[in-house]
Amino acid sequence: MAMSAKSSELTRARVRSAWLFLSPMLVVLALVAGWPLVRTIYFSFTDATLSNLSDYDFIGFANFIEYYEGEWYGVIVDPDWWRAVYNTIWFTVVSVGLELILGMIVALTLNAAFPGRGMLRAAILIPWAIPTIVSAQMWGWMLHDQFGVLNAILMGIGIISQPVAWTASPDTALWAVVMVDVWKTTPFMALLILAALQMLPSDCYEAARVDGINPIKVFFKVTLPLIRPALMVAIIFRALDALRIFDLIYVLTSNSRDTASMSVYARQQLVDFQQVGYGSAASTLLFLIIALLIIVTLMVGRVRLGEDPR
Amino acid sequence: MRTPWYAKAGFWLLIVAIVIFAIFPFYYAIVSSLRSGQALFSSSVWPDSVSIANYVSVFTGQPFGRNILNSVVVAVSVVAISLFLGVTAAYALGRVTFRGRGLLLLTILSVSMFPQVAVLSGMFELVRAFGIYNSLWSLILSNMILTLPFTVWVLTTFMRELPKELEEAAFVDGASPWVVVSRIFLPLMWPAMVTTGLLAFIVAWNEFLFALTFTLSTEQRTVPVAIALLTGATQFELPWGNIMAASVTVTVPVVVLVLIFQRRIVSGLTAGAVKG
């Protein structure tokens with residue numbers, strides 16, 4: 001009796017101290033994430049400008065959509081915004097898709113036993129370690145229309161006869177962005193898939209091998225279903241990352257309208273055009289799109305996050 | 001069952017292709033950075049010139065040394081603050097059961113998925129209000145939104161895996177929670193903290209959007225912004241040699257760091273994602 005009273009007192013003391021330990025982190029998180037998010041959403045209903053952030057009027061939904069003298073105005077009817085939405089979604093689907101396929105190939109390779117495996121793993125970590133801006137510039141130089149090494153190589157082999165203006169032409173600019181992103185983030189995908197592969201039980205592979213089942217069939221019937229949960233997590237992480245892409249596009253294709261992502265569009269309104277209200281409206285829409293996608297994937301994918309990962 | 005020769009050859013060909021794909025751009029950046037003047041336009045894949053002129057001009061043409069120092073100051077401060085806040089929070093989240101813990105973890109995880117742009121105007125107002133616009137403090141503050149959530153998340157995962165008996169004996173002996181965290185967990189958490197610290201360092205070192213928006217003068221820029229905004233003699237002529245030299249200068253330390261701590265980084269990356 002005395003024992004249990006003492007231990008419940010101990011538990012209560014521990015819970016109290018837990019909140020004490022949590023509070024500094026929660027305060028900082030509220031300051032740098034919660035408050036700015038609330039303010040951004042608030043600004044999206046105002047006509048604030050960057051030059052004077054304290055003087056603004058509340059204008060309702062006018063930043064999103066407004067009917068004024070026979071014309072519609074606002075983010076929702078801006079073709080540039082929809083272009084940015086299309087660009088972002090196209091980029092996300094294509095790049096994450098390619099990263100998944102290439103990441104799977106690299107992970108399966110790394111999962112095999114061969115001399116020099118550690119070196120290969122080290123080599124694929126290099127693209128991941130290089131800062132995004134640096135990779136954008138490195139590729140920008142390789143993709144240069146006149147002096148780029150890629151054009152030189154492709155023309156040397158005879159694949160193309162004319163130099164291609166990879167980053168400047170609207171037809172290829174988004175592909176160039178995809179190329180760099182795939183190069184940079186495939187290692188991350190590969191490492192996540194590799195971690196999942198290494199947790200698989202080896203006995204069913206033994207059985208499959210003894211029965212002489214085709215390795216490709218084993219991959220689709222055994223491996224893929226078993227690593228599906230890990231794949232889902234990797235895809236969600238990457239997709240959410242891709243949806244907010246900013247730096248790669250900003251540097252590689254220098255703020256062009258043809259390749260602008262949602263983040264690039266929002267920042268341009270906000271900083272370059274100084275329209276904090278309008279830019280915040282675009283940011284808020286991006287936030288809502290991402291929040292919606294998180295909720296949908298959590299429900300559809302039945303991926304459990306949060307409570308007791310073990 | 002022996003593997004036929006063509007399967008073996010194909011496998012090694014695949015490995016060679018992966019290695020070339022992974023390291024060629026960095027290799028080519030190094031080769032280009034060592035070419036100066038007209039040699040830069042050779043577009044040969046082989047190193048045919050060794051000149052440090054680009055490196056000299058990067059450091060003399062603009063305050064690039066200062067930019068590197070800025071990045072180091074910001075990244076180190078962000079890592080230190082994130083780790084301190086992360087360890088204390090991870091103790092509470094990983095070792096104590098209390099109501100609302102799952103919801104809290106979910107909130108922290110969702111913050112790490114925030115698009116940076118979604119907080120940009122609010123953060124701008126905050127930075128102005130604190131009077132830290134165009135100073136490194138603005139970057140230290142804003143970078144916390146990127147590093148803190150995953151630091152807490154990864155450290156919590158590590159903290160959970162330590163045996164339960166660890167703190168119980170200490171608590172029965174009447175040790176305070178602070179003593180338990182600093183004397184018992186901290187020594188055991190070092191490996192995890194090195195991993196998370198490295199990941200946070202890389203995130204802060206690479207951050208671009210906030211650094212581009214919250215700094216104005218060349219002296220206050222961090223490395224990514226400095227490299228993105230390097231300009232040549234005219235607006236239409238980008239100084240590619242200088243850009244490559246600057247890129248190689250800031251990338252070599254990170255690559256060396258990553259290669260040294262390879263195993264830790266891989267375990268940290270996968271702990272953050274797979275177990276989550």
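Criteria and thresholds
Residues numbered from 1 in each chain as written. Chains lettered and ligands numbered in written order. Predicted model: local features only at pLDDT ≥ 70, side-chain atom pairs only at ≥ 80, totals over all residues. Heavy atoms only, no water. Contact = heavy atoms within 4.5 Å. Buried area = accessible area lost by both parts, 1.4 Å probe. Salt bridge = Lys/Arg side-chain N within 4 Å of Asp/Glu carboxyl O. Polar contact = N/O pair within 3.5 Å; in protein donor to acceptor, adjacent residues only side chain to side chain. Helix = DSSP H or I, 4+ residues; strand = E, 2+ residues; numbered from the N terminus. Nonpolar A, V, L, I, M, F, W, Y, C, P; charged D, E, K, R; others polar. UniProt positions renumbered as here; feature names shortened; annotations may be inferred. Axes fitted to C-alpha atoms, helices over the stretch in contact; angles between N-to-C directions. Parallel < 35°, antiparallel > 145°, perpendicular 65-115°, else oblique. Left-handed = near helix turned anticlockwise from the far one by under 90°. Expected span 1.5 Å × (residues − 1). Phe/Tyr/Trp six-rings, centres within 6.5 Å; stacked < 30°, edge-to-face > 60°. Buried < 20%, exposed > 50% of the residue type's maximum accessible area, 1.4 Å probe, protein only. Lys NZ or Arg CZ within 6 Å of the ring centre and 35° of its normal. Core = buried A, V, L, I, M, F, W, Y, C linked by side-chain atoms within 4.5 Å. Domains from an automatic or database assignment.

**A short note on the interface of chain B and chain A**
Listed per partner, the contact involves 100 residues of chain B and 92 residues of chain A. Buried surface at the junction of chain B and chain A, summed over both partners, amounts to about 8,800 Å²; 78% is from carbon and sulfur atoms. Looking only at chain B, the three residues that lose the most surface to chain A are Met113, Val117 and Trp240 of chain B, adding up to 7% of its buried area. Connecting chain B to chain A are 1 salt bridge. Two residues, Glu125 of chain B and Arg39 of chain A, come together in a salt bridge whose shortest N-O distance is 2.7 Å. The interface formed by chain B and chain A includes 16 residue pairs in polar contact (both at pLDDT 80 or more). Considering every element that reaches the side of chain B that touches chain A, the biggest residue donor is helix α1 (residues 5–33) of chain B, with 15 residues. Residues that form the side of chain B that touches chain A fall into these classes: 74 nonpolar, 16 polar and 10 charged.

**What about the UniProt feature "transmembrane region" (unreviewed entry) in chain A?**
All names here are of chain A. Mapped onto this structure's residue numbering, the UniProt feature "transmembrane region" (unreviewed entry) falls at residues 89–110, 122–142, 173–197, 218–240 and 278–300. Taken end to end, residues 89–110 is 100% helix and 0% strand, and its first and last C-alpha atoms sit 31 Å apart. Across residues 218–240, the secondary structure splits into 100% helix and 0% strand, with the terminal C-alpha atoms separated by 31 Å.

**Looking at the environment of Ile105 of chain A**
On the secondary structure map, Ile105 of chain A appears in helix α2 (residues 79–111). Once the C-alpha coordinates of Ile105 of chain A and Trp175 of chain A are considered, the two residues, 70 residues apart in sequence, prove to be 21 Å apart.

**Quick word on the packing of α1 of chain B against helix α11 (residues 240–260) of chain B**
All names here are of chain B. In contact at an axis separation of 8 Å, α1 and α11 are set at 130° when each is read in the N-to-C sense. The orientation of α1 relative to α11 falls into the category oblique. Handedness of the α1/α11 crossing: left-handed. Contact with α1, carried on its side by Phe26, Ala29, Ile30, Ser32 and Ser33, involves Gly241, Met244, Ala245, Val248, Thr251, Val252 and Val255 of α11 and no other residues of that element. Of the residues that constitute the contact of α1 with α11, the class distribution is 8 nonpolar, 4 polar and no charged.

**Considerations on α2 of chain A**
Taking 1.5 Å of rise per residue, the 33 residues of α2 of chain A would be expected to cover 48 Å, and the 47 Å separating its terminal C-alpha atoms lies within 8% of that figure. For α2 of chain A, the side-chain oxygen to backbone nitrogen distance between the N-cap and Asp80 of chain A is 2.9 Å, and the N-cap itself is Asp78 of chain A.

**Considerations on the packing of aromatic side chains**
All told, the structure shown has 30 aromatic pairs over all chains when counted by the stated rule. The interplanar angle of 85° and the centroid separation of 5.1 Å between the aromatic rings of Phe45 of chain A and Phe61 of chain A together place this pair among those described as edge-to-face. Taken as a pair, Phe45 of chain A in the loop between α1 (2–43) and β1 (66–68) and Phe61 of chain A in the loop between α1 and β1 lie far apart in primary sequence, 16 residues in all. The exposure class assigned to Phe61 of chain A is exposed, which follows from its relative accessible area of 55%. Joined through ring pairs, the aromatic side chains of Tyr42, Phe43, Phe45, Tyr56, Phe58, Phe61 and Phe64 of chain A make up one cluster. In this structure, Arg128 of chain B packs its charged tip against the face of Tyr133 of chain B, placed 5.8 Å from the ring centre.

**A look at the nonpolar core**
In summary, soluble globular proteins display a tendency toward joint burial of nonpolar side chains. Counting residues in each nonpolar core, the largest one holds 188 residues, and the members touching the most others are Met25 and Trp128 of chain A together with Met123, Ile145, Phe208 and Ile227 of chain B. With 15 residues, the single largest contributor to this core is helix α6 (residues 170–198) of chain A. Those residues within four positions of Phe208 of chain B in sequence are excluded, and the remaining contacts are Ile133, Phe246, Asp247, Tyr250 and Val251 of chain A together with Pro224, Val225 and Ala228 of chain B.

**Structural notes on the domain arrangement of chain A**
Accessible area lost on assembly of the parts is the figure often given for the size of an interface. Residue and element names in this part refer to chain A. Here chain A is partitioned into domain 1 (24–66) and domain 2 (83–277). Taking only C-alpha atoms, the centre of domain 1 and the centre of domain 2 are 34 Å apart. Taken together, the contact pairs 9 residues of domain 1 with 6 residues of domain 2. Roughly 520 Å² of surface becomes buried between domain 1 and domain 2 when both sides are summed, with 65% attributable to carbon and sulfur atoms. Interface area lost by domain 1 to domain 2 is led by Phe43, Ala48 and Leu50, which between them contribute 66%. Connecting domain 1 to domain 2 are 0 salt bridges.

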